[in-house]
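Observations on chain architecture
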Number of protein chains: 2
Amino acid sequence: MVIIPKLIWALKGLQAISCQMHNRVTQLFNIEIPIIQAGMVWTSGWKLASAVSNAGGLGLIGAGSMTSDILKEHIVKCKAATVKPFGVNIPLLYSDIDKQVQIIIDEKVPVVFSSAGNPSTWTKYLKQHGITVVHVVSSSKFAKKAEDAGCDAVVAEGFEAGGHNGREETTTMVLVPLVTGAVNIPVIAAGGIATGKQMLAAMILGAEGVQIGSRFAVANEASCHENFKNAVVNATEGDTFLTLKKLTPVRLIKNNFFNRVQKAENQCASPEALEQLLGKGRARKGIFEGDTEEGELEIGQVSSLIKTTGSAESIITEIWKEFKDTLHTPL
Amino acid sequence: MVIIPKLIWALKGLQAISCQMHNRVTQLFNIEIPIIQAGMVWTSGWKLASAVSNAGGLGLIGAGSMTSDILKEHIVKCKAATVKPFGVNIPLLYSDIDKQVQIIIDEKVPVVFSSAGNPSTWTKYLKQHGITVVHVVSSSKFAKKAEDAGCDAVVAEGFEAGGHNGREETTTMVLVPLVTGAVNIPVIAAGGIATGKQMLAAMILGAEGVQIGSRFAVANEASCHENFKNAVVNATEGDTFLTLKKLTPVRLIKNNFFNRVQKAENQCASPEALEQLLGKGRARKGIFEGDTEEGELEIGQVSSLIKTTGSAESIITEIWKEFKDTLHTPL
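Residue indices follow the written sequence of each chain, beginning from 1 at its first position. All chains are assigned letters beginning with A, and all ligands numbers beginning with 1, in the order in which they are written. Side-chain atom pairs in this predicted model are given and counted only at pLDDT of 80 or more, local residue features only at pLDDT of at least 70, and totals for whole chains, interfaces and linings cover all residues.

1. Describing the overall build of chain A
The criterion, for reference: To qualify as a helix, a DSSP run of H or I must reach at least 4 residues; to qualify as a strand, a run of E must reach at least 2; elements of each kind are numbered from the N terminus. As a reference, a globule follows 2.2 Å times the number of residues to the power 0.38, and the radius of gyration itself is taken over C-alpha atoms. The contact criterion used is a C-beta to C-beta distance within 7 Å, with each C-beta placed from the backbone.
Helix and strand counts for chain A come out as 14 helices and 12 strands. Its C-alpha atoms give chain A a radius of gyration of 19 Å, within 12% of the compact-globule value 20 Å for 331 residues. Overall, chain A is about 65 × 45 × 35 Å in size when its C-alpha atoms are taken along their principal axes. For chain A, the share of sequence-separated contacts (at least 6 apart) that also reach a separation of at least 24 residues comes to 65%.

Rendered as structure tokens:
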């Protein structure tokens, strides 16, 4: 029995600062660093997406809060701002999905991340037009459906993620091994990831890349309101909660609106009553207009670890440096 | 810019099979492998605890389901079955806690893991008798309280863990960095850990050891009923859920009892009505007597990844091998 003082791990013959990573995710998107910036309503327009792509990750325009005309404008501006690959995230259940898909094809967007809907509806069509398609899932069952539909990869998004979420409440620590065990296509982990250590942990679980939302929501280039960014930076442990489970579960920062929902739910409000309480435009009000008490403040649990803003490039640099430094650190 | 085909990591000059690990957790308990077997009601008696300790981890007798006399019997038998360190897990809110503490002191148990209560009540007294004290927490606020109370380490237990759980629902991926950032004492991660990869992921997040429950609940030496073990092995994704939040949140396998609770909660049952529905001895019924439909089946989300039983030693060997193999695997 050899006894050593510590387990040491190290990159073999590699300088920490000047390395790239090549795996199926970096190859699929032709990117340098396997960090994907999540498509976020009212937050990830062309400025954020192009900044992330220019920094070596994959930026996504979040089409969920955009009309088709606005989406087209963002795609055109994104193409002008970067020569690197970028993508569009589309919620498949949206009413003008047909128009959005056509614009994505016409504008030759190289990558689509789809969510909130059936991947079999659009994947084949998008791929016929040479587009790489990734679907966001919250279970291995949906991951298999995405693989069967022809998706090139899946995002396995855990319970701790911000915004809309799955009903089984499987966390990233458990979901990533389940999904990597269920499909052969590459798995991108999401939910609870904002640091290099969390990125490395997710990749040890079997992911080949990470999708990061909350950390990029406070980037200088994010189009959400300063009040929302401040709410994210100021959020502490326990400040987000998965709510509105009778409608579609969504993780929000607790505020006046959240408290009213909780009160209604504690009084057994019907789904219809909750729909009425929710109303229209609640996410826009909170995230884009900055009404931090009456709006929906969609953000992940990991906001409790986010204390600074900065450029998208500085965020990627920080995460990637910590990722590599952790590989060099004795355990 | 140096471009390499893959990031490779490796243990420096170390043979994979024949290594031990020395860190603050292994030193604190004087164990070889930083795996602690969680104290589990009706499941972790002297047989399981001694088997885990004999295999190089730290076994815990779960006092939560034991009278003082039974606890004494288990401690005596555990001491006869192993010369290695072991511990007792005591829920601090239990009515006969005074007697249990006295037995632990009289029998010179080296380690106590406390949970479900205020660590300031007993920690000092236990430490005066030379006992190492660790407290289980679900937030960094409680972790700091435990550190202030003089605890030697904390277990940071995430939302995905089985049995009773915190109200903030912070997952292991987020909780471990929060807790390691808040305290100076060693942090042991719990919740969602059943494999060597999950163990390594938790330690990358900052933990210096892991507490594993579900995986050991199906060990040959576990005293729970075969029906319960079968329910754990057969549990698939989404089969556990955190429920009874109006009382004390508890993660259970969905069954008839769970369904009745859900129905009552959907109809806005009062805490009193839920207390009545819960009744007494529900965990014993499910876990020890094997009534898998009417009992409480307390187990973690990670049960969806557990497909085999085996001896405690084989489980530790399997986890520890995967942990070390993963350190050698190119990312």
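2. Points about the pairing of strand β6 (residues 132-137) of chain B
All names here are of chain B. Under the convention used in this document: For the exposure call, what matters is how many other C-beta atoms sit within 10 Å of a residue's own: 20 or more marks it buried, 12 or fewer exposed, and in between partly exposed, using C-beta atoms placed from the backbone. A right-handed crossover is one whose linking path, passing over the helix from the first strand to the second, runs clockwise when the strands point away from the viewer. Strand pairing follows a simple DSSP-based rule, namely that at least 2 bridges must link the two strands.
When you tally the buried positions in β6, you get 6 out of 6 residues, the bulk of the element. By the alternation rule, side chains of β6 split into Thr132, Val134 and Val136 and Val133, His135 and Val137, which are all buried. The handedness of the strand β5 (residues 111-115) to β6 crossover, carried by helix α5 (residues 123-128), is right-handed. Of the pairings in the sheet, the one linking β6 to strand β7 (residues 153-157) comprises 4 bridges and is parallel in character. Residue pairing for β7: Val137 is matched across the bridge by Ala156. What joins β6 to β7 is helix α6 (residues 140-148), and the crossover it makes is right-handed.

3. Focus: the sheet that holds strand β12 (residues 250-253) of chain B
All names here are of chain B. What the 3 strands build is an open sheet, ordered β8-β12-β11; its pairing is antiparallel. Every interior strand has two partners, whereas the edge strands, β8 (163-164) and β11 (240-243), have only one. With 2 bridges connecting them, β8 and β12 associate as antiparallel partners. Note on β12: the bridge partner recorded for Gly163 is Arg251.

4. Brief notes about helix α8 (residues 196-204) of chain B
All names here are of chain B. Most of α8 is tucked away, with 9 of its 9 residues classed as buried. Every buried residue of α8 is accounted for by Gly196, Lys197, Gln198, Met199, Leu200, Ala201, Ala202, Met203 and Ile204. Note on α8: the residue one or two positions beyond its end, Gly206, has a positive phi of about 125 degrees.

5. Looking at the pairing of β11(B)
All names here are of chain B. Of the two faces of β11, only one is covered, namely that formed by Thr240 and Leu242; the face formed by Phe241 and Thr243 stays uncovered. Both β11 and β12 contribute to a ladder of 4 bridges, which runs antiparallel. Bridge pairing in β12 places Thr240 opposite Ile253. Hairpin connection between β11 and β12: a loop of 6 residues separates the two successive antiparallel strands, and Leu244 in this loop has a positive phi of roughly 55 degrees.

6. What to know about the domain arrangement of chain A
Interface extent is often summarised as the accessible area lost during association of the parts. All names here are of chain A. Stated precisely, the cut-off is as follows: Per the annotation, domain bounds derive from an automatic or database assignment of domains. Side-chain classes follow a simple rule in which Ala, Val, Leu, Ile, Met, Phe, Trp, Tyr, Cys and Pro form the nonpolar group, Asp, Glu, Lys and Arg form the charged group, and the remainder, Gly included, forms the polar group.
Along its sequence, chain A is organised into domain 1 (24-223 + 307-328) and domain 2 (226-303). Between domain 1 and domain 2, the C-alpha centre-to-centre distance is 23 Å. At the junction of the two partners, domain 1 supplies 22 residues and domain 2 supplies 18 residues. Those elements giving two or more residues to the side of domain 1 that touches domain 2 turn out to be β8 (163-164) and α9 (214-217). Class assignment for the residues of the side of domain 1 that touches domain 2 results in 8 nonpolar, 11 polar and 3 charged.

7. Some remarks on the sheet that holds β7(B)
All names here are of chain B. Threshold: Only the stretch in contact is used when a helix axis is fitted, and all axes are lines through C-alpha atoms; the angle between N-to-C directions ranges over 0 to 180 degrees.
The strand order across the open sheet formed by 8 strands is β2-β10-β9-β7-β6-β5-β4-β3, and the pairing between neighbours is parallel. Looking at the sheet topology across the chains shown, the edges are occupied by β2 (35-37) and β3 (59-62). Put simply, the sheet's adjacent strands are angled 25 degrees from each other on average, direction ignored. Relative to strand β4 (residues 86-91), β3 runs parallel, the two sharing 4 bridges. Bridge pairing in β4 places Leu60 opposite Gly87. The strands that α6 touches are β6 and β7; relative to β6, the one it contacts most, it runs at about 165 degrees.

8. Overview of the packing of α8(B) against helix α14 (residues 312-328) of chain B
All names here are of chain B. Selection rule: By the definition used in this description, the sense in which the near helix is turned from the far one sets the handedness, with an anticlockwise turn below a right angle giving left-handed and a clockwise turn giving right-handed.
Running from N to C, α8 and α14 point in directions that differ by 60 degrees, and their axes come no closer than 7 Å. Considering only the axes of α8 and α14, their crossing is right-handed. Seen from α8, the contacting residues are Gly196, Lys197, Met199 and Leu200; seen from α14, they are Ile319, Trp320, Lys321, Glu322, Phe323, Asp325, Thr326 and Leu327. Here the residues of the contact of α8 with α14 are counted per class, giving 6 nonpolar, 2 polar and 4 charged.

9. Considering the environment of Leu305(B)
Residue position: Leu305(B) is located in the loop between α13 (282-288) and α14. On a C-alpha basis, the gap between Leu305(B) and Thr123(B) in space is 35 Å, while along the polypeptide they are 182 residues apart. Those residues within four positions of Leu305(B) in sequence are excluded, and the remaining contacts are Val174(A), Pro177(A), Leu178(A), Ala194(B) and Thr195(B).

10. Focus on helix α4 (residues 97-106) of chain B
Residues and elements named next belong to chain B. Note the threshold: By arc we mean the arc of the directions from the helix axis to the C-beta atoms, nothing more.
Among all positions of α4, only Gln100, Val101, Ile103 and Ile104 are buried. All buried residues of α4 project into a common sector of 160 degrees when viewed along the axis, lining one side. Exposed residues pointing more than 90 degrees away from the buried face of α4 are listed as Asp98 and Asp106. Residues of α4 that are buried sit in contact with α3 (68-81), β4, β5 and α5. Phi turns positive, to about 55 degrees, at Lys108, one or two residues after α4.

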